[in-house]
Amino acid sequence: MDKNVFDMGQIDIAWCPGCGDYGILNVLKATLAELDIAPENLVMVSGIGQAAKIPHYIKTHFFNGLHGRALSPATAIKAANSSMTVIAESGDGDMYGEGGNHFIHTIRRNPNITNIVHNNMVYGLTKGQASPTSQLGFKTPVQVSGVFLEPFNPLAVAVALDASFVARAFIGDIEQTKEILKKAITHKGYALVDILQPCVTFNRLNTRQWFKEHTYYLEDSHDPHDRIAAFKRAVETDKLPLGIFYINPNKSTFEDNTGIYKEDKRSLFEREPDFARLQTLIDKYRTAG
Ligand SMILES: Cc1ncc(C[n+]2csc(CCOP(=O)(O)OP(=O)(O)O)c2C)c(N)n1
Ligand code: SF4
Ligand SMILES: [Mg+2]
């Protein structure tokens with residue numbers, strides 16, 4: 001499929017020239033095209049922020065919700081229509097700060113969705129305050145003496161919670177990012193892809209060059225099915241490893257566990273409501289009570 005099917009035509013894009021969001025948008029379109037996922041079979045769900053504007057710039061279904069609240073509607077959309085590919089994407093602030101609680105509990109629920117996080121280590125949209133992943137010592141107009149909190153480590157948290165797929169990419173490497181996204185989107189279960197990206201306007205510490213110098217690739221010998229090995233790599237912070245840290249292919253999904261697709265594979269909207277069955281259930285519990 002041609003990636004142009006996702007183009008919106010002539011629209012204004014609000015991002016600064018040089019922002020890493022452009023790379024993520026392009027790579028995402030190319031990934032979807034190579035996977036032959038048609039725009040009508042995709043739903044993008046986001047919160048608020050620069051990263052969260054991505055669905056405005058892709059021709060497909062989308063739901064742009066509240067700050068930090070992308071994962072719950074994404075879970076519900078997948079449960080209601082399991083035939084759709086569902087991608088929840090937003091920034092580091094949105095997913096790990098405002099949405100931190102949703103991040104943790106979505107991993108526990110394990111819906112079959114992909115969670116892309118644009119990690120620029122800053123609140124871009126609101127002009128450069130520290131985010132949960134900002135580095136120690138990062139100075140901002142609010143953190144004038146520098147950040148003194150230990151950065152949140154999303155990969156270590158995800159592996160600790162036995163997330164079914166955990167990966168990190170850097171948008172400076174388009175090919176690796178695309179390969180990781182392909183595996184994440186086709187993986188059955190919750191898949192986290194944290195993508196390091198520069199914010200050229202408000203983060204002058206974690207520049208493109210900084211990311212190049214502070215990242216390296218996981219070796220081919222790294223076994224993503226070894227959770228302890230994955231955790232050890234996830235807690236490395238001097239240099240951030242890139243690649244697929246962890247895969248647990250044996251977890252049942254939220255959709256499997258709710259039981260709605262056990263007997264009937266059709267999506268909920270395709271089914272006739274069975275009011276007689278519902279009445280029988282209500283009567284049963286009334287009698288039992
Ligand atoms: C509940 C709530 N708190 C705060 C805000 C203000 N706000 C909007 S975007 C944003 C930061 C977004 O940062 P991030 O998610 O990292 O995305 P980026 O802009 O860096 O891509 C904040 C704090 C809000 N809209 N709602
Ligand atoms: S402020 Fe930063 S994150 Fe926002 S568009 Fe500009 S470079 Fe990108
Ligand atoms: Mg950010």
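Here the structure is shown first, and the text comes after it.
Residue numbering note: each chain is counted from 1, following its sequence as written. Chains and ligands are labelled sequentially in the order written, the chains with letters from A and the ligands with numbers from 1. Whole-chain, interface and lining totals are the exception, using all residues; otherwise, since this is a predicted model, local features are given only for residues with pLDDT of at least 70 and side-chain atom pairs are given and counted only at 80 or more. Only hydrogens and water are set aside when side-chain values are computed; all heavy atoms of the structure are taken into account.

A. The arrangement of the site of ligand 2 in detail. Around ligand 2 sit Trp15, Cys16, Cys19, Gln50, Asn120, Cys199, Val200, Thr201 and Phe202, and those are all the residues in its vicinity. Residue composition of the shell around ligand 2, by class: six nonpolar, three polar and no charged. Definition of nearness: a residue and a molecule or strand are near each other if at least one heavy atom of the residue lies within 4 Å of the molecule or strand. Charged residues are taken to be Asp, Glu, Lys and Arg, nonpolar residues to be Ala, Val, Leu, Ile, Met, Phe, Trp, Tyr, Cys and Pro, and polar residues to be all remaining types, Gly included.

B. Quick peek at the site of ligand 1. Neighbouring ligand 1 are 16 residues; Gln50, Asp92, Asp94, Gly124 and Leu125 lie closest to it. With respect to ligand 1, the side chain of aspartate 92 contributes an N or O atom lying 2.7 Å from an oxygen atom. The separation between an oxygen atom of ligand 1 and a polar main-chain atom of valine 122 is 3.1 Å. Here, Shrake-Rupley sampling with a 1.4 Å probe gives the accessible areas, and only protein chains in the shown set may cover a residue. When ligand 1 is considered free in solution it has 600 Å² of accessible area, and contact with the protein chains removes 73% of it. Here a strand is any run of E in DSSP of at least two residues, a helix any run of H or I of at least four, and the numbering for each starts at the N terminus. Among the elements that take part in the shell around ligand 1, helix 3 (residues 92-98) stands out by supplying four residues, more than any other. Partitioned by chemical class, the residues of the shell around ligand 1 number five nonpolar, eight polar and three charged. Counted as a polar contact is a pair of N or O atoms within 3.5 Å, where, for protein atoms, one must be capable of donating a hydrogen and the other of accepting one, and residues adjacent in sequence contribute only when both atoms are in side chains.

C. Expanded view of the sheet that holds strand 2 (residues 61-64). The rule for pairing is simple: two strands pair if DSSP sees at least two bridges between them. With respect to topology, eight strands assemble into an open sheet ordered 2-1-3-4-6-5-8-7, the strand pairing being mixed. Both edges of this open sheet fall to strand 2 and strand 7 (215-217), since each of them pairs with a single strand only. The sheet shows a mean angle of 25 degrees between the axes of neighbouring strands, taken without regard to direction. Of the strand pairs in this sheet, strand 5 (residues 165-170) and strand 8 (residues 240-247) are connected by four bridges, and their pairing is antiparallel. Bridge assignment links valine 166 to a residue of strand 8, and that residue is tyrosine 246. The strands touched by helix 6 (residues 174-186) within the sheet are strand 3 (85-91), strand 4 (114-119), strand 5, strand 6 (191-196), strand 7 and strand 8, with strand 5 carrying the most contacts at an inclination of about 160 degrees. The angle between two axes is taken between their N-to-C directions and runs from 0 to 180 degrees, where each axis is a line fitted to C-alpha atoms and a helix contributes only its stretch in contact. Contact criterion: two residues are considered in contact whenever any of their non-hydrogen atoms come within 4.5 Å of each other.

D. Here's a closer look at the coordination of the magnesium ion (ligand 3). Protein coordination at the magnesium ion (ligand 3): the donors are Asp92 (OD), Asn120 (OD1) and Val122 (O), at 2.1 to 2.2 Å from the metal. Here the term donor refers to an N, O or S atom within 2.8 Å of the metal (or 3.2 Å for Na, K and Ca), and because water is left out of the atoms, sites may appear incomplete. Here the donor residues of the magnesium ion (ligand 3) share one chain and are spaced in sequence as D-x27-N-x1-V. Of this pair, aspartate 92 sits in helix 3 while valine 122 is found in the loop between strand 4 and helix 5 (154-160), placing the two residues 30 residues apart along the sequence. Between buried and exposed lies partly exposed: a residue is buried under 20% and exposed over 50% of the maximum accessible area for its type, with that area taken using a 1.4 Å probe on protein chains only. According to the relative accessible area criterion, aspartate 92 is buried, its value standing at 2%.

E. Representation of the packing of helix 1 (residues 20-34) against helix 6 within the structure. Where helix 1 contacts helix 6, the two axes come as close as 9 Å, and the packing angle between them is 50 degrees. The angle between helix 1 and helix 6 places the two elements in the oblique class. Note that helix 1 runs across helix 6; the crossing there is right-handed. Contacts between helix 1 and helix 6 pair Val27, Leu28, Ala30, Thr31, Leu32 and Glu34 from the former with Ile174, Thr177, Lys178, Leu181, Lys182 and Ile185 from the latter. Looking at side-chain class alone, the contact of helix 1 with helix 6 contains seven nonpolar, two polar and three charged residues. Working rule for angles: under 35 degrees goes down as roughly parallel, over 145 as roughly antiparallel, 65 to 115 as roughly perpendicular, anything else as oblique. Left-handed describes a crossing whose near helix is turned anticlockwise from the far helix by less than a right angle; the clockwise case is right-handed.

F. How the structure looks around the packing of aromatic side chains. Pairs were defined over the aromatic rings of Phe, Tyr and Trp, the Trp ring being its six-membered one, requiring ring centres within 6.5 Å. Orientation was assigned from the angle between planes: stacked under 30 degrees, edge-to-face over 60, tilted for the rest. Applying the stated rule across the entire model yields seven aromatic pairs. Look at tyrosine 96 and phenylalanine 103: their rings are 5.1 Å apart centre to centre, the planes differ by 70 degrees, and that puts the pair in the edge-to-face class. For the residue pair tyrosine 96 and phenylalanine 103, the accessibility class agrees, reading buried in each case. Geometrically, the ring pair formed by tyrosine 96 and phenylalanine 152 is tilted, given 5.5 Å between the ring centres and 45 degrees between the ring planes. In this pair, tyrosine 96 sits in helix 3 while phenylalanine 152 sits in the loop between strand 4 and helix 5, placing the two residues 56 residues apart along the sequence. Three or more aromatic residues link up through ring pairs in this structure, and these residues are Trp15, Tyr22 and Tyr57.

On their own, these measurements won't tell you what the molecule is for.
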